[in-house]
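Overview (structure and organization)
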Amino acid sequence: MGTTLNDTPSGNRVHIAFFGRMNSGKSSLINALAGQEVSIVSEVSGTTTDPVKKPMEIHGIGPCVLMDTAGFDDEGDLGERRVAMAKQAAAQADMAALLFTDDDFTLEKLWSDYFEKKNTPVLLVVSKADALEDAAGLAEKIKGAFHKEPVLVSAKTKKGMDELKKALIETASAACEERTITGDLAREGDVALLVMPQDIQAPKGRLILPQVQTIRELLDKKCVVVSATTDQLEQALAALGKPPKLIITDSQAYKEVYEKKPKESLLTSFSTLFAAYKGDIRYFIEGAKTIGGLTEKDKVLIAECCTHAPLDEDIGRIKLPRLLRKKAGEGLTVDIVAGMDFPKDLSGYRLVVQCGACMFNRKYVMSRVDMAKSQHTPMTNYGVAIAYLNGILDQVALP
């Protein structure tokens, strides 16, 4: 079944990922939490391959995604690929549940250390407590090794499920920071004009996700929201009578809107807002300055979150590469990745350009930012890059 207008987008949900060895009870626990069979449960090791995601609501947390992963002790060529997928899920996790069924903590310690470095809250869980000879004894050993009290739970008997939900709520509260898309750019009573060209990339009969999410937030803030297409901008401004407090445009129309906007109005773009909402806006601004020094001998990586068939005037695949080559020279190499594909080695790239990432959560986008920082690779995003290319980055309002 597809998503509905009432569904919370995955990128706005708290991502709770379950990790552990093969047959540690991850799938059974997720099924018990969800109240339905989300993941296949089997005695055969390695049943879970690619991460399985279940969007749901947990009272006290709100909209969340439960993520089931392959056992991190999987072996062989296929096993290595499964573990790699589990690591990819770890990069998305706002919080992690680490499952134990025996007292060999070697791998668990490595994963716990990884989450600590990523500032990802971890909940320790003694799984299959009903089937263990000494679950309480194992819990004591875990507490001694990790300096944290684990939760004892059985998906089969449901014993400990209430305690698990309570612990998940407490851990999630530490994982989630309150962030808004528009920040301090708009307050109650402000008029916001949204300029949204309905071009080939806009789905017929619908708005794209960043537009929908921004409109909803502005309405929640009790702002007055007015919308227009680019060719109707002047009529919209005339109809308002006085300049709007904020104008938000599609990045592709940045220059045109900038030239027509009232000087009193703040100007930004949906992609620029999402650069701050999902990533590190300051790092993106510094990264954009790299564009001025690009040459046709350089390589640029463009990272899209959505996977879709290329369109004739696709912003990431067509328009942005065209603008970059106009600046650096036609010989500039532009590589494009989509979805979860993202190279571990960025050393060959002079610049990484990330899309607005409306489909990804902030945790995952920041894992890419951290990777770029650790390899001293400049990074920016679509909206910030286009503002720089149009020479108006210093005129753009940032939340």
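That block above? That's the structure.
Since we're looking at a predicted model, the values are computed, not measured.

1. Details of the overall build of the chain
Check the secondary structure of the chain and you find 13 helices and 14 strands. By the burial criterion, 51% of the 399 residues in the chain qualify as buried. Sequence-distant contacts in the chain: of pairs separated by 6 or more residues, those separated by 24 or more amount to 74%. Total accessible area computed for the chain in this model is approximately 19300 Å², and 50% of it derives from carbon and sulfur atoms.

2. Description of the packing of aromatic side chains
A ring pair, where both rings are aromatic, is described by two values, the distance of the centres and the angle of the planes. Here the structure, examined in full by the defined rule, presents ten aromatic pairs. Judged by centre distance (5.3 Å) and plane angle (35°), the ring pair of Phe-19 and Trp-111 falls under tilted. Taken together, the positions of Phe-19 in strand β1 (residues 14–19) and Trp-111 in helix α3 (residues 106–117) put the pair 92 residues apart, joining distant regions of the chain. On the basis of relative accessible area, Phe-19 is assigned to the buried category, the value being 0%.

3. What to know about the sheet that holds strand β9 (residues 246–249)
The parallel open sheet is built from four strands, whose spatial order is β8-β7-β9-β10. The open sheet has two edge strands, β8 (224–228) and β10 (266–269), and neither has a second partner. Taking the axes of each pair of neighbouring strands and ignoring which way they run, one obtains an average angle of 20° across the sheet. Its contacts with the sheet put helix α6 (residues 209–220) on β7 (191–195), β8 and β9, and the angle it makes with β7 is roughly 170°.

What counts and what doesn't
- Residues numbered from 1 in each chain as written.
- Predicted model: local features only at pLDDT ≥ 70, side-chain atom pairs only at ≥ 80, totals over all residues.
- Heavy atoms only, no water.
- Helix = DSSP H or I, 4+ residues; strand = E, 2+ residues; numbered from the N terminus.
- Buried < 20%, exposed > 50% of the residue type's maximum accessible area, 1.4 Å probe, protein only.
- Contact = heavy atoms within 4.5 Å.
- Areas by Shrake-Rupley, 256 points an atom, 1.4 Å probe, with all protein chains shown as cover.
- Phe/Tyr/Trp six-rings, centres within 6.5 Å; stacked < 30°, edge-to-face > 60°.
- Pairing = 2+ DSSP bridges.
- Axes fitted to C-alpha atoms, helices over the stretch in contact; angles between N-to-C directions.

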